[in-house]
Amino acid sequence: MSETTHESGGTGPSHRSAEVGVALAIAAIGVIAVVGSMRIGSGWSPEGPQAGFFPFYIGLIIIVACAVNLAKVFAAADDGALFANWTQLRQVASVVVPTAVYVFAIPQIGMYVSSALLIAVFMRWLGHYRWSVVAAVSVVVPIFTFFMFEIWFLVPLPKGPVERMLGF
Amino acid sequence: MFEDIGNLMHGFSVVVQPYNLVLMVIGIVLGVLVGVLPGLGGANGVAILLPLTFSMSPTSAIIMLSCIYWGALFGGAITSILFNIPGEPWSVATTFDGYPMAQQGRAGEALTAAFTSSFVGALFAVIMITLVAPLVASFALRFGPAEIFSVYFLAFCSFVGLSKEPPFKTIAAMMLGFALGSVGLDQVTGQLRLTFGFETLLSGFDFLIAVIGLFGIGEILLTMEEGLSFRGKSAKINLKIVVQTWKQLPKYWFLSLRSCLIGCWMGISPAGATPASFMSYGIAKRISKRGKNFGKGEIEGVIAPETAAHAAGTSALLPMISLGVPGSPTAAVLLGGLLIWGLQPGPLLFTEQKDFVWGLIASMYMGNIVGLIVVLTCVPVFAAILRIPFSVIAPVILVFCAIGAYTVHNNTFDVVMMLVFGVVGYFMKKTNYPLAPMVLAIVLGDKAEESFRQSLLGSQGSLGIFWSNGLVSTIMTLGLIALFWPAISAGWTRVRGSAGLRPAE
């Protein structure tokens, strides 16, 4: 794919390759739906339509729609538009990566501690705040959520070793 | 008719109980916050806060959640006018004239006009709901499975015909939603399907998780990519400006009425508030004497989209309460709420859950009045929140999305799914795949499939059942017209030559 298009905003993957990627990914889900439906029976049984009847046709429609979308991408001339430049993608990654660590940390160390860490990382790393401000916000928000969920609305959130130490 | 008025009065008596009034104000304030903050919108705001209502009575719960919805509708206007950032897609059209007005120092006037016309639009739609919903519901009680499926069919086809995204992308996104919705236990045969042996897929994909991920996380990623920094105009709004603006509003009565009608019409069909606001703006621009001033700070350019967006947002609840078919993603989340509280959405609500339905309708009246007062008095506070830098707001929103996703089923795997949906939403949005039909398909997939299979069962597999009587054939034919509308209108333009008028966006 043409990933070296030069524009004023810098370089990055082309919009065209992203279009192709998304269409192929959705088509892949369509194929999975068709295959999965055929395994459990997608036809007509004495009791009526089988479990795979509906998803089978849904999968077929997905594949056809994606084929049309792909054909449209290739029919149009490549205008060299970028999906996003690398700086922008780095910005996006700077949210996705810490959030990915965060969602896997929740079961281990609990919602409150991991939330405090996430907020602290964001503020310090992306916002360049002073440590005192970082500490204040990242502690106050989880404490507020604790009161809102556990105390007022009686909705328990996952807890880790720190909360156990404090006796919750 | 008179019985309905009595029911409505009873609804009001439920709503004005102090506990419910407090919930109403909390809902409005949370809703405006949700509407103002990037990454939080009506749909995922309601989805995140839905678990908080599990312990409440259904009536109190729906009052609070629907007020979040009203608040979000109001809140979108604040960011559009003061910051030129549409907080919600349906307030994009409001930025065209609202922001220029703020630049000229007329922010107060623009905000008052926006809030008041939102209120007028919503009120018009609520009155329409009060009068029409019971009739639709009693009519719909006679529907068999084929008719029910035809209504779903029409709803989904309207998405293809009316959305501004390419039709095949709409179809792909919608069918993806149906495919995700069919994962898990098959309702009819009790068989497992499309789980491929993964235990975590047994219960399927919950649409609340999808909503929080697609709309919430996806939106934050988009905002992050654009590297937004908020530099807003100051909001000076006081009683004098409000009264002055109110004095000039009555002369735009015809504009308001037209925008209300456009909004109601578009809101009932599930295309929703966003196209309604654009259409109303486009028509106002073409018809108004000062049409060429539009875009430079014309008050009519604020009234038209705001009235239509609010009328559409409100009337989106009409098909939800009378037919069980939500007209917008937020209405879909509310519908999901009904299921969780143990209510069966659909025409039976009007006979079996009178308190609930009329409480909801009464709360629409009260909620919009309370909402108008709250937003008019608290604009500076909400605007101040927007000045908090994104590097602080973003992680806090992420935390609330994660909590919302977790509390749906008390399951940490759902939080992982939320992030996956977020990344998927980012890519789909960037490549112009609409997310709303996908969410609606996840919600309604089971019901649409069930009615489809029941109809086919009755007809021994013949599709003729969908054209077996006048009613069902009419709805199905309308659906087909909506489905092929892009092709029909393209063909029509070609026939009439290149001079054909293009419909407004």
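Residues numbered from 1 in each chain as written. Chains lettered and ligands numbered in written order. Predicted model: local features only at pLDDT ≥ 70, side-chain atom pairs only at ≥ 80, totals over all residues.

Draft legend 1. Seen up close, the overall build of chain B. What chain B contains, in helices and strands, is 22 helices and two strands. Each of the 505 residues in chain B was classed as buried or not, and the buried ones make up 61%. Across chain B, every contact between residues at least 6 apart in sequence was considered, and the portion connecting residues at least 24 apart equals 79%. (Helix = DSSP H or I, 4+ residues; strand = E, 2+ residues; numbered from the N terminus. Buried ≥ 20, exposed ≤ 12 C-beta atoms within 10 Å, placed from the backbone. Contact = placed C-beta atoms within 7 Å.)

Draft legend 2. Quick peek at the nonpolar core. One finds Ile62 of chain A together with Ile81, Ala172, Val211, Ala402 and Val439 of chain B to be the most contacted residues of the largest nonpolar core, which totals 221 residues. Each of domain 1 (15-75) and domain 2 (86-166) of chain A contributes no fewer than three residues to this core. (Core = buried A, V, L, I, M, F, W, Y, C linked by C-beta atoms within 7 Å. Domains from an automatic or database assignment.)

Draft legend 3. Structural view of the environment of Leu323 of chain B. Residues and elements named next belong to chain B. Within the secondary structure layout, Leu323 lies in helix H14 (residues 317-323). Linking Leu323 and Phe143, residues 180 residues apart in sequence, is a C-alpha distance of 9.9 Å. Once you skip the residues sitting within four places of it in the chain, Leu323 turns out to touch Val136, Ala140, Val151, Gly346 and Pro347.

Draft legend 4. Spatial organisation of the domain arrangement of chain A. In terms of domains, chain A is made up of domain 1 (15-75) and domain 2 (86-166). Distance from the C-alpha centre of domain 1 of chain A to the C-alpha centre of domain 2 of chain A: 39 Å.

Draft legend 5. Looking closely at the interface of chain B and chain A. Listed per partner, the contact involves 51 residues of chain B and 52 residues of chain A. When contributions to the side of chain B that touches chain A are tallied by element, the ones reaching two or more residues are helix H8 (167-181), helix H9 (207-226), helix H18 (390-409), helix H19 (412-430) and helix H20 (436-458) of chain B. Sorting elements by how many residues they give to the side of chain B that touches chain A places H18 of chain B first, with eleven residues. The class makeup of the residues in the side of chain B that touches chain A is 34 nonpolar, ten polar and seven charged. (Nonpolar A, V, L, I, M, F, W, Y, C, P; charged D, E, K, R; others polar.)

Draft legend 6. Quick peek at the confidence of the model for chain B. Residues and elements named next belong to chain B. Of the residues in chain B, 94% reach a pLDDT of 70 or more, and the chain-wide mean stands at 83. Under a pLDDT of 50 for its full length, residues 499-505 has, in the predicted model, nine contacts with residues more than four places off or in other chains. The ipTM, which scores confidence in the relative placement of chains, is 0.89 for this predicted complex, and the corresponding pTM is 0.83. (pLDDT = per-residue confidence, 0-100.)

Draft legend 7. Local environment of the packing of helix H2 (residues 18-36) of chain B against helix H3 (residues 42-49) of chain B. All names here are of chain B. Put simply, H2 and H3 touch, their axes get as near as 9 Å, and they point 130 degrees apart. In terms of axis orientation, H2 runs oblique to H3. Crossing geometry of H2 relative to H3 is assigned as right-handed. Facing Leu30, Gly31, Val34 and Gly35 of H2, the residues of H3 in contact are Gly42, Gly45 and Leu49. Along the lines of polarity and charge, the residues of the contact of H2 with H3 split into three nonpolar, four polar and no charged. (Axes fitted to C-alpha atoms, helices over the stretch in contact; angles between N-to-C directions. Parallel < 35°, antiparallel > 145°, perpendicular 65-115°, else oblique. Left-handed = near helix turned anticlockwise from the far one by under 90°.)

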